[in-house]
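Descriptive structure summary
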Amino acid sequence: MMEKFVLATHNANKLKEMSAILSQYGVQVVSPGEVGITVDVEETGTTFAENAMLKARAICDAAGLPAIADDSGLCVDALNGGPGVYSARYGGEELDDKGRYTLLLRSMRGQTTRAAHFACAICCAFPNGDTLTAEGTCGGTIAFAPMGENGFGYDPVFFVPEKAKTFAQLTAEEKAEISHRGRALAEFAEKLGTYLKK
């Protein structure tokens, strides 16, 4: 009997990624829509972990099932860690991915310090009140111009020195190996495996 977990996302790619990882633990990952939930959680946290926990708890309470949520973003040293938790809303709701990374490149004009990192926090809330958390980061620099066609968000301008490519130039598999989300997922899967054995 597969145990059902709700993933707090409407992103089909995230759902597929999480299903592939967690199916080995006998976990079936479903979207909020599949269990009839339409909860819109306001991300009022000041950290990725706080936002992920807010979403996981709200979905868990609404579904009465364990819920997993993640929050991630880009932290740029020259912008004092920004856009950070506001990565998806950087420059306002009307901007798309290209608009956001173009704005970022404009903000970085003349900056010699281009160090940045992606961060991801994953939280899981259980109906009994238990919680699990995991975090991952991936260091890099902000490129001077967008490169590559893959990925989404800030991927075309996030350059990974060890690969000598931007995230958008990596294959999905290459990115998963080194990405902040890949690292957080690996830690989370391990913790969940241990928790479910109890």
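Just so it is clear, the model here is predicted, and its values are computed rather than measured. (Residues numbered from 1 in each chain as written. Predicted model: local features only at pLDDT ≥ 70, side-chain atom pairs only at ≥ 80, totals over all residues. Heavy atoms only, no water.)

1. Observations concerning the overall build of the protein
A count of helices and strands for the protein gives 5 helices and 8 strands. For the protein, the N- to C-terminal ordering of α and β elements is β-α-β-α-β-β-α-β-β-β-β-α-α. With 198 residues in all, the protein has 44% of them scored as buried. Within the protein, residue pairs in contact and separated by at least 24 positions form 59% of the contacts whose partners lie at least 6 positions apart. A total of about 10100 Å² of accessible surface is found on the protein, and carbon and sulfur atoms cover 51% of it. (Helix = DSSP H or I, 4+ residues; strand = E, 2+ residues; numbered from the N terminus. Buried < 20%, exposed > 50% of the residue type's maximum accessible area, 1.4 Å probe, protein only. Contact = heavy atoms within 4.5 Å. Areas by Shrake-Rupley, 256 points an atom, 1.4 Å probe, with all protein chains shown as cover.)

2. Topic: the packing of helix H1 (residues 12–22) against helix H5 (residues 180–197)
For the pair H1 and H5, the least separation of the axes is 10 Å and the interaxial angle reads 40°. By the angle between their directions, the pair H1 and H5 is classed as oblique. Read as a crossing pair, H1 and H5 show a hand that is right-handed. The residues of H5 that touch H1, namely those facing Lys14, Glu17, Met18, Ile21 and Leu22, are Arg181, Leu185, Phe188, Ala189 and Leu192. For the contact of H1 with H5, the per-class residue count stands at 7 nonpolar, no polar and 3 charged. (Axes fitted to C-alpha atoms, helices over the stretch in contact; angles between N-to-C directions. Parallel < 35°, antiparallel > 145°, perpendicular 65-115°, else oblique. Left-handed = near helix turned anticlockwise from the far one by under 90°. Nonpolar A, V, L, I, M, F, W, Y, C, P; charged D, E, K, R; others polar.)

3. Overview of helix H3 (residues 97–107)
Counting along an α-helix, one turn takes 3.6 residues, and residues three or four places apart therefore face a common direction. Every buried residue of H3 is listed here: Gly99, Arg100, Tyr101, Leu104 and Leu105. The inward-facing, buried residues of H3 contact strand S3 (67–76) and strand S6 (131–142).

4. Some points on the packing of aromatic side chains
According to the stated counting rule, one finds 5 aromatic pairs in the structure shown. A centroid spacing of 5.9 Å and a plane angle of 90° characterise the contact between Phe5 and Phe126, whose relative ring orientation is edge-to-face. You can see Phe5 sitting in strand S1 (residues 3–7) and its partner Phe126 sitting in the loop between strand S5 (115–125) and S6, a full 121 residues away along the chain. Aromatic pair Phe118 and Phe158: ring centres 4.6 Å apart, planes at 65°, arrangement edge-to-face. (Phe/Tyr/Trp six-rings, centres within 6.5 Å; stacked < 30°, edge-to-face > 60°.)

5. Some words on the pattern of salt bridges
Inspection of the entire model under this criterion finds 8 salt bridges. Glu187 is the partner of Lys191 in a salt bridge, and the nearest nitrogen-oxygen pair spans 3.2 Å. With a gap of 4 residues between them, Lys191 and Glu187 both fall in helix H5, about one helical turn apart. By relative accessible area, which is 35% here, Lys191 ends up partly exposed. On the accessibility criterion, Glu187 (31% relative accessible area) is partly exposed. When salt bridges with common partners are traced through the structure, they connect Glu43, Lys55, Asp71 and Arg89 into a single cluster. (Salt bridge = Lys/Arg side-chain N within 4 Å of Asp/Glu carboxyl O.)

6. A closer look at the pairing of strand S2 (residues 27–30)
Across 4 bridges, S1 lies against S2 in parallel orientation. Among the inter-strand pairings, Lys4 is bridged to a residue of S2, identified as Gln28. Considered for its hand, the β-α-β crossover made up of S1, H1 and S2 is right-handed. (Pairing = 2+ DSSP bridges. Right-handed = clockwise from strand over helix to strand, strands pointing away.)

7. Comments concerning the state of the cysteines
In total, this model carries 0 disulfides according to the counting rule given. Sulfur of Cys60: no disulfide; nearest cysteine sulfur belongs to Cys124 and is 7.9 Å away. Relative accessible area serves as the criterion here: at 5%, Cys60 is assigned to the buried category. The cysteine Cys138 is free of any disulfide, with Cys120 supplying the nearest cysteine sulfur at 12 Å. (Disulfide = S-S within 2.5 Å.)

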